[in-house]
Amino acid sequence: MGKAGEDLIHLELGKPIHDTPQPIKDAAIAALQGGMVHYGDLQGEPAFRAALAEKLGSFNRIDASPDEVIVTNGLTQASFAAIFALIDPGDEVILLEPYYPQHVGKIELAGGMVVTVPLDAADDFRIRSDWIEQAVTPRTKMIVLVNPCNPTGRVYSRQELEGLADVAIRHDLFVLSDEVYEYITFDGSEHVSIAALNGMRERTVSTFAFTKAYAMDGWRLGYIAADAKLIPALMKITSNEVTHVNTFIQYGGLAAVTGGMEAVSRMVDDDRVKRDRVVRALNQMPGVSCARPEGTIYAFADVSQTGRPSQALAEDLLERARVVVEAGSFYGAAGEGHLRICFGSVSHEQLDEAMSRMSRFFNDLTG
């Protein structure tokens, strides 16, 4: 439809609309022009890893040395490495549902078995440690956590994470923690890295990226933080898969992590304004309700009152309103009855137009 010239508004992709801040670009260009064009350290440029270790300590409260950091091609490669390093054929991996679908494919590629723990929309998709415990078997090896959560927009509380950590410790499980939205939180919500909790440092592979907060999705730059005993296994995957990350872009990442948070704060403030506009508009549409996301760039709108499957609604919105959203069922059965709407991927004007189109659609649907 896009190729045919249709006027589509894309709210389906988690792609920030902002441009990468200029100082980050300048640092990468300077490194390129300065000759940083050859093979580098397989684990990542030492100065970059040192800066990341300092950030992990100050922001995430994770005590990691530079040797416990691996630079990766985005969080996608980071989670791939963690799963392939730690999961053997037949191992079970618990995903909290709604889940990030890409994790399913990686677990299956490694020969693992996906076990889902559906969270309750009526309970605001709160983590229930007792439900997780019920899913644990002798074959369980890992729990995957996405916090702040894509698609629900939850920022899990310290109490929720402590409950999950207790299950992991008692059953000797690894935790893969996906924290790509760590900086995009609203209204004073506290991002807690689960590796910072007692007993979790040695069993958690924490994964991060510059993708969202720094608007660097096309740069493909992320990193892993893990206990020293896990680094050799993780390096077996990353060094054989890509050797190492592009050398000169790591200097852009270095500028990002050492350059202060002013640009990030401006972008998050803009996302907050968009979030409020979207939530307000959605809650005025018949058959639609939407909780206010605590973080991320997504609204997870409840459309169950329409009585229509979420995939059918998403397809109708595309055909009739020319607004592209994702069906909640894409994130597992617990996401059914919802639509994921990315408010961070378009301008304010496009967002307002999308809400107008969706309002007309839902009024016609229930009228």
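You'll find the structure just up there.
Let me sum up the structure you'll find in this document.

The subject of this paragraph is the overall build of the protein chain. For the protein chain, the helix and strand inventory stands at 11 helices and 12 strands. Counting only C-alpha atoms, the protein chain reaches 60 × 55 × 40 Å along its principal axes. Sorting the 367 residues of the protein chain into buried and exposed places 56% on the buried side. Counted over contacts in the protein chain with a minimum sequence separation of 6, partners at least 24 positions apart contribute 75%. In the structure as shown, the protein chain presents an accessible area of about 14,900 Å², 50% of it carried by carbon and sulfur atoms. Treating the 33 positive side-chain charges of the protein chain as one cloud and the 50 negative ones as another, the clouds have centres 2 Å apart.

On to the packing of helix α2 (residues 46-60) against helix α8 (residues 249-258). The contact between α2 and α8 brings their axes to 9 Å, and the two run at 30 degrees. The pairing of α2 with α8 is recorded here as roughly parallel in orientation. Our pair here, α2 against α8, has a crossing hand that is left-handed. Of the residues in α8, those in contact with A47, F48, A51, L52 and K55 of α2 are Q250, G253, L254, V257 and T258. Its residues assigned to classes, the contact of α2 with α8 shows six nonpolar, three polar and one charged.

With that settled, the discussion passes to the environment of G307. Looking at the secondary structure, you find G307 in the loop between β9 (298-302) and α10 (310-321). A C-alpha to C-alpha distance of 8.8 Å links G307 and G287, two positions 20 residues apart in sequence.

Structurally, R154 is set in the loop between β5 (140-146) and α6 (158-170). A polar contact of 2.8 Å, which involves the side chain of R154, links it to the side chain of E294.

All chains considered together, the criterion is met by 11 aromatic pairs. Considering the side-chain rings of F59 and Y183, the 4.7 Å spacing of their centres and the 50 degrees angle between planes classify their relative orientation as tilted. Pair noted here: F59 is in helix α2 and Y183 is in the loop between β6 (174-178) and β7 (204-209), with a separation of 124 residues, a long-range link. Between F210 and Y223, the aromatic rings sit 6.0 Å apart at their centres with planes inclined by 50 degrees, giving tilted as the arrangement. Of this pair, F210 sits in the loop between β7 and β8 (222-225) while Y223 sits in strand β8, and the two are 13 residues apart along the sequence. Here F210 matches Y223 in class, with each residue buried. Taken together, the ring pairs connect F48, F59, Y183, F208, F210, Y214 and Y223 into an aromatic cluster.

This part is about the sheet that holds strand β12 (residues 338-342). Reading across from one edge, β9-β12-β11 is the order of the three strands in this open sheet, with antiparallel pairing throughout. Looking at which strands have only one partner, the edges of the open sheet turn out to be β9 and β11 (326-327). Pairing between β11 and β12: two bridges, direction antiparallel. Directly across from E326, in β12, lies its bridge partner R340.

A word on the side chain of S345. Tracing the backbone shows S345 in the loop between β12 and α11 (348-366). Note on S345: relative accessible area 13%, which makes it buried. Within the structure, S345 has its side chain in polar contact with the backbone oxygen of H10 (distance 3.1 Å). Only 3.3 Å separates the side chain of S345 from the backbone oxygen of C342, close enough to count as a polar contact. Excluding its chain neighbours within four sequence positions, the residues that come into contact with S345 are H10, L11, L13, K15 and I17.

Under the defined criterion, the tally for this structure stands at 28 salt bridges. The closest approach of N and O atoms between R128 and D130, which form a salt bridge, is 2.7 Å. For D130, a relative accessible area of 35% translates into the label partly exposed. For D270, the salt bridge identified is with K274, shortest N-O distance 3.4 Å. Here the residue D270 and the residue K274 both occupy positions in helix α9 (residues 262-282), the gap between them amounting to four residues, near one helical turn.

What counts and what doesn't
Residues numbered from 1 in each chain as written. Predicted model: local features only at pLDDT ≥ 70, side-chain atom pairs only at ≥ 80, totals over all residues. Heavy atoms only, no water. Helix = DSSP H or I, 4+ residues; strand = E, 2+ residues; numbered from the N terminus. Buried < 20%, exposed > 50% of the residue type's maximum accessible area, 1.4 Å probe, protein only. Contact = heavy atoms within 4.5 Å. Areas by Shrake-Rupley, 256 points an atom, 1.4 Å probe, with all protein chains shown as cover. Lys, Arg positive; Asp, Glu negative; His and termini not counted. Charge placed at Lys NZ, Arg CZ, Asp CG, Glu CD. Axes fitted to C-alpha atoms, helices over the stretch in contact; angles between N-to-C directions. Parallel < 35°, antiparallel > 145°, perpendicular 65-115°, else oblique. Left-handed = near helix turned anticlockwise from the far one by under 90°. Nonpolar A, V, L, I, M, F, W, Y, C, P; charged D, E, K, R; others polar. Polar contact = N/O pair within 3.5 Å; in protein donor to acceptor, adjacent residues only side chain to side chain. Phe/Tyr/Trp six-rings, centres within 6.5 Å; stacked < 30°, edge-to-face > 60°. Pairing = 2+ DSSP bridges. Salt bridge = Lys/Arg side-chain N within 4 Å of Asp/Glu carboxyl O.

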